[in-house]
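# Descriptive analysis of the structure
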Amino acid sequence: GAVQKVTSQSDIAFGFTADQLKPFMDAGGKLRKDLQDGKADYIALRNEVAQTAQQLPADSPARKVAEGVLDQTEKLAKAQEELQRALSQQAVVARLGERALQDGDPEALMRAATTLVSEVDGVHSACIWELGRDGRRLTLRAGLGDEVIGAGRRVSAARDSHAGAGSRRGGL
């Protein structure tokens, strides 16, 4: 078999040379510093570790370590995603509040609200319906882009309609 010269114990770890492991060691050092500074990006870390793990042999000890890191950081990454979503929602509320203070026009504010809400991750469209005084009709007041074509359109909010059921439950 082939003879491999090893100058120190740290030259070979998990079947990799020190040069091959250097990027992981650097990333670990950066993560440690980011954790101390409260700036850790668990989503990016998980993406990097997942890509690395896929390149390692299934029976490799390094792959098992990578999979352990993925397991340990799963909840942290989800919490980070939820925090980012909440921050995005708060930013929309703040921008809408600024808009309301700048311009008191309700029509403009409703249009701005639907546009801003559409910027929140996971929201594909938004519209504002006004429930008539009789409680039986909804009027479309604002929507997104081309969807506003139906602005002013009315739909039934009678008891036997979806809109009526939603308005009785406070869903509108």
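Residues numbered from 1 in each chain as written. Predicted model: local features only at pLDDT ≥ 70, side-chain atom pairs only at ≥ 80, totals over all residues. Heavy atoms only, no water.

### Points about the overall build of the chain
When its secondary structure is counted, the chain shows 5 helices and 5 strands. Start at the N end of the chain and walk to the C end: the helices and strands fall as β-β-α-α-α-α-β-β-β-α. Out of the 172 residues belonging to the chain, those deemed buried represent 22%. For the chain, the share of sequence-separated contacts (at least 6 apart) that also reach a separation of at least 24 residues comes to 35%. Surface accessibility of the chain: about 12800 Å² in total, with carbon and sulfur atoms responsible for 52%. (Helix = DSSP H or I, 4+ residues; strand = E, 2+ residues; numbered from the N terminus. Buried < 20%, exposed > 50% of the residue type's maximum accessible area, 1.4 Å probe, protein only. Contact = heavy atoms within 4.5 Å. Areas by Shrake-Rupley, 256 points an atom, 1.4 Å probe, with all protein chains shown as cover.)

### Notes on the confidence of the model for the chain
Averaged over all residues, the pLDDT of the chain equals 76, while 73% of them reach at least 70. Across the chain, the element-wise mean pLDDT spans from 53 in strand β1 (residues 12-13) up to 87 in helix α4 (residues 106-117). (pLDDT = per-residue confidence, 0-100.)

### Considerations on the pairing of strand β4 (residues 137-142)
The side chains of a regular strand alternate between the sheet's two faces. Of the pairings in the sheet, the one linking strand β3 (residues 128-131) to β4 comprises 4 bridges and is antiparallel in character. Bridged to Trp129 within β4 is Leu140. (Pairing = 2+ DSSP bridges.)

### Some points on the environment of Leu56
Mapped onto the elements, Leu56 comes out in the loop between α2 (42-55) and α3 (61-102). Sequence separation of Leu56 and Ala66 is 10 residues, and the distance between their C-alpha atoms is 9.4 Å.

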